[in-house]
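A look at the structure
The chain contents come next:
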Amino acid sequence: MCTSLGACFELENAIPFFLNPITKEKVLAFYDPAHMIKLIQNTLGDKKNIINGKNEMIKWEYISKLYEKEKEEGPRAGTKLTSKHIYYGNHKMNVRLAAQILSTCVSDALLFTKTKDSSFDGCNATAEFCLMFNNAFDILNARKKLSNTPFNGAITEGNVKRYEAFYEKFKIYVAQLKFEDGTLVINSKRKTGFIGLILGLKNALDLYNVLIEKGDLSYLITYKLSQDHLETFFSALRSRGGYNDNPTCRQFQASCIRLLIHNEIITSPYGNCSILDSTSITSITTPQTHLPNSIEENNLLISISDEQLFSSISNLSPFIEDITSYIAGFIAKKLETKLKCQYCIKEIYGPHQISNLATIKDRG
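Along every chain, residues carry numbers that run from 1 in the direction the sequence is written. Thresholds applied to this predicted model are a pLDDT of at least 70 for local features of residues and 80 or more for the giving and counting of side-chain atom pairs; totals over whole chains, interfaces and linings are not thresholded and use all residues. With hydrogens and water excluded, all non-hydrogen atoms of the structure serve as input to the side-chain values.

The protein chain goes by THAP domain-containing protein 9 in an unreviewed UniProt entry, where it is assigned to Macrosiphum euphorbiae.

Time to look at the packing of aromatic side chains. Pairing of aromatic side chains here covers Phe, Tyr and the six-membered ring of Trp, requires ring centres within 6.5 Å, and sorts the geometry by plane angle: under 30 degrees stacked, over 60 edge-to-face, intermediate tilted. The final tally for this structure, using the stated rule, is 10 aromatic pairs. A centroid spacing of 4.6 Å and a plane angle of 50° characterise the contact between F129 and F133, whose relative ring orientation is tilted. One end of the pair, F129, and the other, F133, are both in helix α6 (residues 124–140), 4 residues apart, so they sit about a helical turn from each other. Exposure class is identical for F129 and F133. Each is buried. Ring centres of F151 and F166 lie 5.0 Å apart, and the angle between their planes is 45°; this geometry places the pair in the tilted category. One end of the pair, F151, is in the loop between α6 and α7 (160–175); the other, F166, is in helix α7, and 15 residues separate them in sequence. Just as F151 is buried, F166 falls in that class too. One aromatic cluster is present, built from ring pairs that chain together F129, F133, F151, Y163, F166, F170 and F194. Lying over the aromatic face of F120, K65 brings its terminal NZ or CZ to 5.0 Å of the ring centre. Put simply, DSSP H or I for four residues or longer makes a helix, DSSP E for two residues or longer makes a strand, and each gets a number counted from the N terminus. Burial classification: accessible surface area is computed with a 1.4 Å probe over protein chains only, and a residue below 20% of its type maximum counts as buried, one above 50% as exposed, and the rest as partly exposed. Put simply, a charge is over a ring when the Lys NZ or the Arg CZ is close to the ring centre, within 6 Å, and near the line of the ring normal, within 35 degrees.

Bringing the nonpolar core into the picture now. As a rule of thumb, soluble globular proteins bury nonpolar side chains together. Grouped together as the largest cluster of nonpolar side chains are 71 residues, with contacts concentrated most on I63, F129, F133, F170 and L177. Broken down by element, this core gets its largest block of residues, 11 residues, from helix α8 (residues 192–214). Note on contacts: a residue pair qualifies if any of its non-hydrogen atoms lie within 4.5 Å across the two residues. Look past the residues within four positions of F170 in its chain and what remains in contact with it is M132, F133, A136, L197, I198 and L201. Residues belong to one nonpolar core when they are buried, are Ala, Val, Leu, Ile, Met, Phe, Trp, Tyr or Cys, and are joined through side-chain atoms within 4.5 Å.

For K24, which is not glycine, the phi dihedral falls at a positive 65°. Judged by its relative accessible area of 57%, K24 is exposed. Unlike most non-glycine residues, N55 shows phi in positive territory, near 60°. Along the polypeptide, N55 turns up in the loop between β3 (49–51) and β4 (57–59). Owing to a relative accessible area of 58%, N55 belongs among the exposed residues under this scheme.

Here the focus is the environment of D362. Turning to its location among the elements, D362 is positioned in the segment after α14 (356–361). In this structure the C-alpha to C-alpha distance between D362 and D108, which are 254 residues apart in sequence, comes to 9.7 Å.

Helix axes use the C-alpha atoms of the stretch in contact, all axes being lines fitted to C-alpha atoms, and the angles between their N-to-C directions lie in the range 0 to 180 degrees. One way to put it is that helix α1 (residues 33–47) packs onto α6 with a least axis distance of 10 Å and a crossing angle of 165°. Of the possible angle classes, the one that applies to α1 and α6 is roughly antiparallel. Note that α1 runs across α6; the crossing there is left-handed. Along its contact with α1, which presents P33, A34, I37, I40 and L44, the element α6 presents F129, F133, F137 and L140. Following the grouping adopted for this structure description, the nonpolar residues are Ala, Val, Leu, Ile, Met, Phe, Trp, Tyr, Cys and Pro, the charged ones are Asp, Glu, Lys and Arg, and the polar ones are all others, Gly among them. Split into classes, the residues belonging to the contact of α1 with α6 amount to 9 nonpolar, no polar and no charged. The scheme is simple: roughly parallel for angles under 35 degrees, roughly antiparallel for over 145, roughly perpendicular for 65 to 115, oblique for anything else. Crossing handedness: left-handed means the near helix sits turned counterclockwise from the far one by under a right angle, and right-handed means the same turn made clockwise.

The next point concerns the side chain of N134. Checked against the element boundaries, N134 lands in helix α6. On the accessibility criterion, N134 (9% relative accessible area) is buried. Here N134 is in contact with L102, S103 and T104, once residues within four sequence places are set aside.

In a helix, the anticipated span is given by 1.5 Å times the number of residues less one. A rise of 1.5 Å per residue sets the reference length of helix α9 (residues 228–240), with its 13 residues, at 18 Å; its end C-alpha atoms lie 18 Å apart and thus fit the reference within 8%. Those residues of α9 that fall on the buried side of the exposure criterion are D228, E231, T232, F233, S235, A236 and L237. Buried residues along α9 sit in contact with α1 and α10 (249–261).

It is at 8 Å that the axes of helix α5 (residues 104–114) and α6 come closest, and there the two elements cross at 160°. Comparing the axis directions of α5 and α6 gives the class roughly antiparallel. As α5 packs across α6, the resulting crossing turns out to be left-handed. Where α5 approaches α6, its residues T104, V106, S107, L110, L111 and K114 are matched on the opposing element by N124, T126, A127, C130, L131, N134 and N135. Looking at the contact of α5 with α6, its residues break down into 6 nonpolar, 6 polar and 1 charged.

By definition, a salt bridge exists where a carboxyl oxygen of Asp or Glu is found within 4 Å of a side-chain nitrogen of Lys or Arg. Tallying each qualifying case throughout the model produces 10 salt bridges. With a shortest N-O distance of 3.2 Å, K191 and E10 are connected by a salt bridge. Of this pair, K191 sits in the loop between α7 and α8 while E10 sits in the segment before β1 (17–19), placing them 181 residues apart in sequence. Each member of the salt-bridge network shares a partner with another, and the members are D46, K92 and R190.

Structure follows, in structure tokens:
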């Protein structure tokens, strides 16, 4: 429809808008970024290998190996990878899983694991790929004006130049990606997700400039342009009909009015659109043990536990030791805000130990 109205979505001659026939103003056409990130993740997962502009190999294998490494060692290097992320065949439509794969956390974890495992020596290109698409998706999925991360805030006067510079860098990066047979990704049948993010960034920046010029807004929260809101509404609308997937006009009207009156929309957990910020923190459970029947039995349990504890600590791998140091530093930092005793604060930090994972996450 948009192409019939004059828009063009080819990257070389991109015109991602059409003119309003009455006012002659631009009507910007956005690809939905949530769908684009799914297409990109599926492309990497299906093709396995993509070559960047420096002829470096971007491999799905490294992400799979990172999951296996975390599974083998126990603690995670700051990622949320599970078997659903790696064996995604039945979850291709899940936005949350795709966003957690192409993320800063996975990029940092790959670079960190490289310092501990020589089999990850060639993972730099894969880490860069995850980081680039994470930043592009963050810009188009900003939910608040301010953010601690550099690309996850609304477009404002303070960051628009940084976003424009990233857009130019991202456009060149994607244009140089190619498959193993030499076909450029942007000229292949898998181009939609890649071109969609490029044109989405371009339109978001153009829209911000138009709104600023008109004086309508002082900043632009890009998540407001997402298709998620419409999909969530339709998901709730479908759930009103139960097993009836072909409602009459009267049934549709009744369901719509009901949702408008009771406006707290709760989407189905099985829908195509899932809310990205509803991820729960992994909980830690302890096995139930019987209570000791005597003081002697209690002392025996304590001595065995201590012996096992110190034995396991002395045998920690460098991977686990570094992650444990990172987690301990995080806990100490949180405790520092609660404690008032300076002696206690000094004691919880103890001897300073530099964590490679913390250094990578802090960008040095």
